[in-house]
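In case you want the letters, here they are:
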Amino acid sequence: MTEQGDPNPSPVHYDRVGAIAVIVIDNGPVNALGQNLRRALVQAVDTFVQDDAEIAVLMGAGRMFVGGADIKEFGKPPVAPDLPSVIAHIESCAKPIVAAMHGNALGGGLELALGCHYRLAMPGCKLGLPEVTLGLLPGAGGTQRLPRLTGVESALEFILSGTPITAETALPKGVIDRLGTSDLRGSALAFAQDLLDRSAGPRRVGDLPRPAPNPAAFAAMQAKLAKTARGLASPFAIVKALQAACDMDLTDGLAEERRLFLEMMQTPQRAGLIHAFFVERKVAALPALEGVVARPLRQIGVVGGGTMGAGIATSALLAGYPVTLVERDEKAANTARTTIAANLAAAVTRGKLTQAARAAILTDALACVTDYAALSNADLAIEAVFESFDVKTAVFAQLDAVLKPGAMLATNTSYLDVNRLAAATSRPQDVIGLHFFSPAHVMKLLEIVVASSTAPDVIATAFALGKSLGKVCVKSGVCDGFIGNRILAAYRGAADRMILQGASPFQIDTALVDFGFAMGPYAVADLAGLDIGFLTRQRKEASRDPRDIVPGWADELVHLGRLGQKTGSGYYRYPAGSRTGLPDPQTDALIAKYRPVTSPPAQAFTDAQIQRRYLAAMVNEAAKVLHDGIAARPLDIDATLLFGYGFPRHHGGPLHWADSVGLSGLLQDINDWAQHDPFFWAPAPLLERLVAENSLFASLNG
Ligand code: 3HC
Ligand code: NAI
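Residues numbered from 1 in each chain as written. Chains lettered and ligands numbered in written order. Predicted model: local features only at pLDDT ≥ 70, side-chain atom pairs only at ≥ 80, totals over all residues. Heavy atoms only, no water.

**Some remarks on the sheet that holds strand β15 (residues 431–436)**
Here we have 8 strands laid out as an open sheet, ordered β12-β11-β10-β13-β14-β15-β16-β17, and mixed in their pairing. Because the sheet does not close on itself, it has two edges, and the strands there are β12 (366–369) and β17 (472–476). Taken pair by pair, the neighbouring strands of this sheet meet at an average axis angle of 25°, ignoring direction. The pairing of strand β10 (residues 300–303) with strand β11 (residues 323–326) spans 4 bridges and is classified as parallel. Bridge pairing in β11 links Val303 to Val326. Packed onto the sheet, helix α15 (residues 389–402) meets β10, β13 (380–383), β14 (408–411) and β15 and runs at close to 165° relative to β14. (Pairing = 2+ DSSP bridges. Helix = DSSP H or I, 4+ residues; strand = E, 2+ residues; numbered from the N terminus. Axes fitted to C-alpha atoms, helices over the stretch in contact; angles between N-to-C directions. Contact = heavy atoms within 4.5 Å.)

The following block contains the structure:
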């Protein structure tokens with residue numbers, strides 16, 4: 001099917017091995033089922049029908065079988081043939097077709113295999129229906145065929161989780177018929193030959209009887225989803241589709257699945273989740289770094305083994321780097337080792353590491369010491385000492401003295417000026433900020449803070465490191481709080497202003513949880529400790545604009561020893577060590593003292609008003625961050641808030657959300673609020689420009 005030198009090679013190759021037709025999908029990078037591939041698959045099946053081959057194997061070239069439908073086509077008008085009809089064409093074929101899977105068979109990829117008459121998968125191959133993570137449900141027969149193979153309860157859990165299983169797990173469930181052995185093609189041909197030898201004809205999943213209904217399983221799942229999937233649409237659509245599998249014949253069940261699929265396709269949640277999917281992948285693609293070669297990174301040093309240093313060391317160890325950690329004294333070094341050992345034990349519990357690998361790391365890969373000289377071989381040293389410019393410059397001076405030429409110095413500072421820290425060393429070109437989030441071995445975000453002096457290959461090395469640690473890396477310029485904490489200060493400011501105007505912390509948290517955040521800002525403050533915000537306010541005291549407000553009630557809570565969960569009370573009360581906060585009338589009474597008696601009058605906020613103000617503050621500051629060149633693209637901001645600040649994924653990130661609700665309405669609201677508070681609500685020039693041009697943040701993503 002492929003002509004040599006053809007500028008548009010077919011995404012499907014067809015050849016013959018005796019009586020076996022071999023159909024290979026070749027549509028890199030993930031063999032996504034775009035329109036060209038769907039059409040070519042129909043042609044390949046027609047060729048198979050017409051020639052004298054007796055059986056066909058269908059497999060993928062490159063890294064995997066098929067990664068799914070082509071997500072880039074979503075939201076655009078559908079182009080025939082659609083995937084369900086391609087699969088129906090395969091299933092109805094009068095000669096048997098065998099799917100031979102390797103790497104990944106996801107979404108439409110697994111559905112394609114379920115339409116084939118026999119299935120083989122190579123060991124380790126991941127089979128999954130992850131559509132729920134994109135705000136969808138399987139739309140090409142997955143909800144109808146899978147329960148016919150595995151039973152409805154198992155299919156329900158599998159499709160709702162969106163998490164792939166391995167071929168080894170899929171075999172006993174009946175999803176596949178055989179595990180491959182050495183190589184894909186050899187295994188596929190051997191299976192096909194066995195089937196030929198047995199004169200096995202087509203065996204259609206669609207011909208299997210409907211799955212037996214299981215009302216108890218449906219009721220239990222509905223109850224669970226009411227708690228875990230609040231606000232989401234597609235999990236509930238999945239339940240409906242599986243109910244249809246039990247109640248309808250295949251044709252009607254497939255039609256119902258398709259109806260629900262197309263309904264989900266129209267939802268803003270689908271658009272938000274797919275935006276998040278692409279943001280995660282595009283954020284590290286920086287044109288300026290193309291062709292820049294990263295420096296070698298074999299040995300990592302960490303200075304400071306407290307909350308962050310121990311987490312950073314854990315993350316590096318889990319990625320396979322040897323780590324030398326320097327602390328102030330023996331006791332602190334031992335404490336750091338104990339913390340890291342506990343982090344690694346938790347990784348064993350979660351199945352991320354074997355017990356033997358943990359033991360080997362602790363013996364061979366980790367050294368916790370007090371002498372900076374131990375870092376003489378390090379390619380990179382990351383400091384995570386106290387947040388003080390003087391302490392950090394002293395640490396950098398010691399690092400500068402012991403590190404070899406070309407070794408990099410990184411700071412995990414949350415707020416301090418990385419340009420000044422760099423300038424205090426003899427090698428400003430080798431200095432960069434690596435702003436991890438707590439817990440550093442768990443949180444996905446890594447802000448890579450680039451100083452004006454940082455060399456391009458140091459930036460490239462930081463991105464390479466972040467990738468190997470499994471982080472989502474965002475490049476940030478230097479300003480107070482970088483991208484994330486600067487924007488956080490703005491939306492926390494909006495929440496505090498609503499408190500002054502009459503809202504309670506509980507009301508604000510509830511409205512934001514309703515929007516999709518896992519926790520509201522005041523519950524988060526209680527979790528992190530109110531002393532952190534207090535210290536930040538003190539640090540900013542000297543530079544604070546007199547027009548800004550100070551949340552005196554937050555300071556008073558600290559003075560009262562109400563530091564949050566760790567002291568049993570903060571904004572909330574935590575009875576007897578509980579981690580669930582109860583609204584506290586004492587907090588409300590304390591806050592009431594700070595509310596102005598006169599204008600603006602105490603106001604009752606609806607949930608929608610709370611959400612809009614909070615998000616508008618986020619968007620307005622984000623537009624300023626973009627305007628100032630601290631973030632290069634709107635997608636960098638969406639990535640920061642999604643992966644470091646718990647922004648609900650189904651809203652796609654603050655700037656995707658802003659585009660979806662309309663920028664001119666947001667600007668109008670900001671201008672209205674600015675009438676009472678012109679300092680805080682000064683509209684961002686970039687937002688004004690986009691509105692004037694009738695444009696969107698998305699237009700700046702390049
Ligand atoms: N459609 C279009 N492009 C896709 C894609 C898809 N389904 N899956 C991945 N890509 C793109 C990525 O955006 C990336 O593009 P880039 O190089 O330009 O950034 C490239 O393919 C490589 O992707 P990854 O970097 O993610 O490669 P990995 O090897 O790390 O991961 C993967 C491969 C596990 C397949 C991962 O890409 C993935 O999870 N993809 C999405 C899987 C999925 O959700 N499938 C279901 C789709 S919905 C569906 O099938 C509907 C059906 O029921 C009708
Ligand atoms: P921490 O107080 O838990 O740990 C700091 C550690 O540094 C202590 O163990 C201390 O003994 C050690 N230390 C101090 N001076 C040292 C020196 N001269 N040499 C060697 N070790 C020294 O502090 P935490 O929370 O880990 O913060 C560290 C840095 O990370 C700060 O800059 C902070 O702003 C930043 N950060 C903190 C986050 C958090 O959530 N805790 C999140 C992101 C960044």
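**Regarding the nonpolar core**
If you look at the biggest cluster of nonpolar residues, it comprises 75 residues, and the most contacted ones within it are Ile637 and Phe697. Per-element tally for this core: the top contributor is helix α24 (residues 607–627), with 11 residues. Counting only domains with at least three residues in this core, you end up with domain 2 (297–476) and domain 3 (484–700). Those residues in contact with Phe697 that lie beyond four places of it in its chain are Val619, Ala623, Leu626, Pro634, Leu655, Ala658, Asp659, Leu663, Leu686, Leu687 and Leu690. The next biggest cluster of nonpolar side chains, apart from the first, holds 70 residues, and it includes Val12, Leu33, Ile87 and Met221. (Core = buried A, V, L, I, M, F, W, Y, C linked by side-chain atoms within 4.5 Å. Buried < 20%, exposed > 50% of the residue type's maximum accessible area, 1.4 Å probe, protein only. Domains from an automatic or database assignment.)

**A few points about the site of ligand 1**
Taken together, 26 residues lie around ligand 1, and Arg63, Gly108, Glu111, Glu131 and Arg281 are the ones closest in. Interatomic distance of 2.3 Å between a side-chain N/O atom of Arg63 and an oxygen atom of ligand 1. Between ligand 1 and Gly67, the relevant distance is 2.9 Å, taken from a nitrogen atom to a main-chain nitrogen or oxygen of the residue. Within the complex, the protein chains bury 74% of what would otherwise be the 990 Å² of accessible surface of ligand 1. Residue contributions to the shell around ligand 1 peak at 3 residues, all from helix α11 (residues 268–282). Looking at the shell around ligand 1 residue by residue, the classes come out as 14 nonpolar, 6 polar and 6 charged. (Near = heavy atom within 4 Å. Polar contact = N/O pair within 3.5 Å; in protein donor to acceptor, adjacent residues only side chain to side chain. Areas by Shrake-Rupley, 256 points an atom, 1.4 Å probe, with all protein chains shown as cover. Nonpolar A, V, L, I, M, F, W, Y, C, P; charged D, E, K, R; others polar.)

**Digging into the domain arrangement of the chain**
Entries for the chain in the domain assignment read domain 1 (12–265), domain 2 (297–476) and domain 3 (484–700). Here domain 1 and domain 2 have C-alpha centroids that lie 44 Å from each other.

**Some points on the sheet that holds strand β5 (residues 104–106)**
Read from one edge to the other, the open sheet built from 3 strands follows the order β5-β7-β8, with strand pairing classed as mixed. Since the sheet does not close on itself, it has two edges, and those belong to β5 and β8 (165–166), each with one partner. As paired elements, β5 and strand β7 (residues 126–128) share 3 bridges and run parallel to each other. Directly across from Leu106, in β7, lies its bridge partner Gly128. On top of the sheet, helix α3 (residues 108–115) reaches β5 and β7; it is set at about 90° to β5, its chief contact.

**Thoughts on the packing of α3 against helix α4 (residues 142–150)**
Between α3 and α4, the least distance of the axes is 10 Å, while the angle of their chain directions is 55°. On the basis of the axis angle, α3 is oblique to α4. In the packing of α3 onto α4, the handedness of the crossing is left-handed. Contacts from Glu111, Leu114 and Gly115 in α3 reach Gly142, Arg145, Leu146 and Leu149 in α4. (Parallel < 35°, antiparallel > 145°, perpendicular 65-115°, else oblique. Left-handed = near helix turned anticlockwise from the far one by under 90°.)

**Side note on the environment of Gly151**
Relative to the helices and strands, Gly151 is located in the loop between α4 and α5 (152–161). Separated by 23 residues in sequence, Gly151 and Gly174 have C-alpha atoms that sit 9.9 Å apart.

**Some points on the site of ligand 2**
If you check the shell around ligand 2, you find 23 residues, and the closest are Met308, Glu327, Glu387, Lys392 and Ser414. Separating an oxygen atom of ligand 2 from a backbone N or O atom of Met308 is a distance of 2.8 Å. A distance of 2.9 Å separates an oxygen atom of ligand 2 from a polar side-chain atom of Asn412. Elements with a minimum of two residues in the shell around ligand 2: α12 (307–318), α15 and β15. With 3 residues, α15 is the single largest residue contributor to the shell around ligand 2. For the shell around ligand 2, a count of residues per class yields 10 nonpolar, 9 polar and 4 charged.

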